[in-house]
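# Structure at a glance
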Amino acid sequence: MTKLTDDSTDKFLQYLRKNANVSLAAKAIGISRQAVYKARAENKEFAEAWDNAIQEATDKLLQAAWNRATKGVKKPVYFQGVQCGEV
């Protein structure tokens, strides 16, 4: 695929919201990174939706980092291959 359709645009933006990675989102819909950047340059609405998707993903990442920093992460402790607790 060399151009975005309405369906592939929606899927691209969904992937972008999840991972904030243009290359992975483009690959997931079977289009080149260059093609999505070209579509972004040619379509103001798409560019705005792209920016919003990146912001959503960034907000999720910041929240996850905040939670890890303030609440920590439980890690299992094993003894002889059996989980015996958490730290």
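Description of the structure in this document. Keep in mind the model is a prediction, meaning the values are calculated, not measured.

### Notes on the overall build of the chain
A tally of helices and strands in the chain yields four helices and two strands. Since a compact globule built from 87 residues should have a radius of gyration of about 12 Å, the 19 Å found for the chain marks it as more spread out than a globular shape. When its C-alpha atoms are laid out on the principal axes, the chain stretches across 55 × 25 × 20 Å. Here the chain holds 87 residues, and the buried ones make up 21% of them. For the chain, the proportion of contacts with a sequence separation of at least 24, taken over those separated by at least 6, is 42%. Accessible surface, the chain as shown: approximately 6700 Å² in total, 52% of it carbon and sulfur. Here the chain holds 14 positive side-chain charges and 10 negative ones, and the gap between their average locations is 9 Å.

### A word on the pairing of strand β1 (residues 76–79)
Note that β1 and strand β2 (residues 82–86) share four bridges and pair antiparallel. Note that in β2 the partner of Phe 79 across the bridge is Val 82. The antiparallel hairpin formed by β1 and β2 contains two residues in its connecting segment, where Gln 80 sits at a positive phi of about 50°.

### So, the packing of aromatic side chains
All told, the structure shown has four aromatic pairs when counted by the stated rule. Clustering of aromatic rings is evident, with ring pairs tying together Phe 12, Tyr 37, Phe 46 and Trp 50. Here the basic side chain of Arg 40 rests over the ring of Trp 50, its NZ or CZ set 4.8 Å away from the ring centre.

### Describing the packing of helix α3 (residues 33–42) against helix α4 (residues 44–71)
The geometry of α3 relative to α4 is characterised by a closest axis approach of 5 Å and an angle of 115° between their N-to-C directions. Side by side, α3 and α4 meet where Val 36, Tyr 37, Ala 39, Arg 40 and Glu 42 of the first sit next to Lys 44, Phe 46, Ala 47, Trp 50 and Asp 51 of the second.

### Things to note about the environment of Asp 51
Counting through the fold element by element, Asp 51 comes out in helix α4. In this structure Asp 51 comes out as partly exposed when scored by relative accessible area, which is 41%. Sequence separation between Asp 51 and Leu 13 is 38 residues, and the spatial gap between their C-alpha atoms is 9.6 Å.

### Examining the side chain of Ser 8
Take Ser 8: it is sitting in helix α1 (residues 6–19). Under the relative-accessibility criterion, Ser 8 is labelled buried at 5%. Among the polar contacts listed, one links the side chain of Ser 8 to the backbone nitrogen of Thr 5, at a separation of 2.7 Å.

### Comments concerning α4
Here α4 spans 40 Å end to end across 28 residues, near enough to the 40 Å set by a 1.5 Å rise per residue. Residues of α4 that are buried sit in contact with α1, α2 (22–28) and α3. The N-terminus of α4 is capped by Asn 43, whose side-chain oxygen sits 3.0 Å from the backbone nitrogen of Glu 45. Within two residues after α4, Gly 72 carries a phi angle of roughly 80°, on the positive side.

Conventions used here
Residues numbered from 1 in each chain as written. Predicted model: local features only at pLDDT ≥ 70, side-chain atom pairs only at ≥ 80, totals over all residues. Heavy atoms only, no water. Helix = DSSP H or I, 4+ residues; strand = E, 2+ residues; numbered from the N terminus. Rg over C-alpha atoms; globule rule 2.2 N^0.38 Å. Buried < 20%, exposed > 50% of the residue type's maximum accessible area, 1.4 Å probe, protein only. Contact = heavy atoms within 4.5 Å. Areas by Shrake-Rupley, 256 points an atom, 1.4 Å probe, with all protein chains shown as cover. Lys, Arg positive; Asp, Glu negative; His and termini not counted. Charge placed at Lys NZ, Arg CZ, Asp CG, Glu CD. Pairing = 2+ DSSP bridges. Phe/Tyr/Trp six-rings, centres within 6.5 Å; stacked < 30°, edge-to-face > 60°. Lys NZ or Arg CZ within 6 Å of the ring centre and 35° of its normal. Axes fitted to C-alpha atoms, helices over the stretch in contact; angles between N-to-C directions. Polar contact = N/O pair within 3.5 Å; in protein donor to acceptor, adjacent residues only side chain to side chain. Expected span 1.5 Å × (residues − 1).

As far as function goes, none of this settles anything; it's purely spatial.
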